[in-house]
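Residue strings, one per chain:
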Amino acid sequence: MRVIGFLFTVLLLWSIGCSSGGDGEVEFILVDAFPFLRFSFPVDLQHPGDGTNRLFVVEKRGRVIVFENNIDTKDRVVFLDIRDKVIVDSFELGAQAIAFHPDFEDNGYFYFSYTPDDPIRSIVSRFSVSEDDPNVADPESELIIMELLQPEPGHNLGRISFGPDGYLYIGSGDGGQVDGIPGTGQNTTDLFGAVLRIDVDNPDEGMNYGIPAGNPFAGNTLGIKEEIYAYGFRNPWRFSWDTVTGLMWLADVGQHNLEEIDIIEKGANYGWKIMEGSMCFDPPVACDETGLTLPVFEYDHTVGVAVIGGFVYRGAHLSELIGSYIYGDFLSGKVWALEFDGEQTVSNSVLINSPNLIITTFGVDQNQELYVCTLSSGLSPDRIKKIVRSGEDN
């Protein structure tokens, strides 16, 4: 089975080199979505789901910026500033993500993940919007929901997001850097190397969150952490749901050889670090794939070095991309469109190749239009980009 999957992947990797723009094909480019705005290391972009047409951008140092979703906007407001609490390095420490409660319009709750120092740990906290201004949060309203002591600085928390079921999902890395922490990805007695699912509205006794009854290990007596929804990940930086099919997509950053894209199923084991993608990596005894769920797609390090998960496009502006999973690579500047038929990957094609841009994350607005957060490589400032057809009036 693994040989067949490997050959299929090789064929798809060949298709990666065939970018859009051949005869009769549409060419796509990245343009500044908000040409009058600049950011400092943007790592997340979200809308609040309240119909206000606002966007919120998380900056790595611990700020959140809010502004009107309008190409001509020149005004931006600091929504939250907790830089005094956040430790930042050149790798993965810092602020990571923001998630708005499904009832944000009524309760004003949002959730924020970041890394404080002394000791280094990963925190998911709840904050509230101030009573006086919907564009300003109350930094004193912080309630720590979850706190993980990081064994190493790398591979801490990734995206946090409320799923279609109303529960908060948390991407938790393996806590390591090179080679990870021994056994962590396969160790279900800790919260590392996993996607976690918690109920922030119905806390259990002595906790600031509850365990959903439908979690795969809820009520177990084996010492398995009941927060775990799926496990066997290295660095699940970004995940999202297709708003039509309900499928949960996750991009797991690889190490030596492969970057992988997974469809997440409850209780499944995605293999790290027995496997890196579809290849054996560091099995404890032998490379036994029994019970492991392999990626729906992967690419090797001749193509890119760190996958950045995206979204299945469900906007109205780019009809050619509807239903495709749009994702990128951190350092290569490539953006791809992957087509999945519900059982297997049908095609994967390069949409954009922008080697002068560093891609940190993707985001969508209230209309499901797609944005790309980028860093300067010395030639341009940190910007928010959007995908448009080449030659189109932007």
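Just above sits the structure.
Rules used throughout
Residues numbered from 1 in each chain as written. Predicted model: local features only at pLDDT ≥ 70, side-chain atom pairs only at ≥ 80, totals over all residues. Heavy atoms only, no water. Helix = DSSP H or I, 4+ residues; strand = E, 2+ residues; numbered from the N terminus. Rg over C-alpha atoms; globule rule 2.2 N^0.38 Å. Buried < 20%, exposed > 50% of the residue type's maximum accessible area, 1.4 Å probe, protein only. Areas by Shrake-Rupley, 256 points an atom, 1.4 Å probe, with all protein chains shown as cover. Lys, Arg positive; Asp, Glu negative; His and termini not counted. Charge placed at Lys NZ, Arg CZ, Asp CG, Glu CD. Contact = heavy atoms within 4.5 Å. Phe/Tyr/Trp six-rings, centres within 6.5 Å; stacked < 30°, edge-to-face > 60°. Lys NZ or Arg CZ within 6 Å of the ring centre and 35° of its normal. Pairing = 2+ DSSP bridges. Axes fitted to C-alpha atoms, helices over the stretch in contact; angles between N-to-C directions. Disulfide = S-S within 2.5 Å. Salt bridge = Lys/Arg side-chain N within 4 Å of Asp/Glu carboxyl O.

(A) Summary view of the overall build of the protein. A count of helical and extended segments in the protein gives two helices and 26 strands. Here the C-alpha radius of gyration of the protein, 20 Å, is about what a compact globule of 394 residues would show, namely 21 Å. Viewed in the frame of its principal axes, the protein has a C-alpha envelope of about 60 × 60 × 35 Å. Per-residue burial over the protein gives 55% buried out of 394 residues. Approximately 16400 Å² of the protein is accessible, and the part contributed by carbon and sulfur atoms is 50%. Across the protein, 25 positive and 59 negative side-chain charges occur, with their mean positions spaced 5 Å apart.

(B) The arrangement of the environment of G171 in detail. Tracing the chain through its elements places G171 in strand β11 (residues 168-172). Using a relative accessible area of 0% as the deciding quantity, one classes G171 as buried. Along the chain, G171 and L157 lie 14 residues apart, while their C-alpha atoms are 5.7 Å from each other. Look past the residues within four positions of G171 in its chain and what remains in contact with it is N156, L157, G158, R159, A194, P236 and F239.

(C) Focus on the packing of aromatic side chains. Evaluated as defined, the whole model comprises 23 aromatic pairs. Ring centres of F79 and F110 lie 5.0 Å apart, and the angle between their planes is 50°; this geometry places the pair in the tilted category. Pair noted here: F79 is in strand β5 (residues 77-81) and F110 is in strand β7 (residues 109-114), with a separation of 31 residues, a long-range link. Judged by relative accessible area, F79 falls into the buried class, the value being 2%. Judged by centre distance (4.9 Å) and plane angle (70°), the rings of F100 and F104 are edge-to-face. For F104, a relative accessible area of 5% translates into the label buried. Here a set of aromatic residues connected by ring pairs shows up, and it is made of F56, F79, F100, F104, F110, F112, Y114 and F127. Lying across the ring of F41, K60 places its NZ or CZ 5.1 Å from the centre. Against the face of F239 rests R159, its NZ or CZ located 5.8 Å from the ring centre.

(D) Geometry of the sheet that holds strand β10 (residues 157-162). Ordered by their spatial adjacency, four strands build an open sheet running β10-β11-β12-β13, and the pairing between neighbours is antiparallel. Each having just a single partner strand, β10 and β13 (228-231) make up the two edges of the open sheet. Taken over all neighbouring pairs, the strand axes of this sheet differ in orientation by 15° on average, direction set aside. Judged from the five bridges that link them, β11 and strand β12 (residues 194-198) form a sheet pairing that is antiparallel.

(E) Quick peek at the state of the cysteines. Counted under the stated rule, the structure contains one disulfide. Each sulfur in the disulfide pair C280 and C287 lies 1.9 Å from the other. Between C280 and C287 the disulfide shows an S-S torsion of about -95°. By sign, it is left-handed.

(F) Quick look at the pattern of salt bridges. Counted under the stated rule, the structure contains 10 salt bridges. One salt bridge in this structure joins D32 and R383, with 2.0 Å as the shortest N-O distance. Placement of the pair is D32 in strand β1 (residues 28-32) and R383 in strand β26 (residues 383-389), with a sequence separation of 351 residues. You can call R383 buried: its relative accessible area is 10%. K385 is the partner of D32 in a salt bridge, and the nearest nitrogen-oxygen pair spans 2.6 Å.

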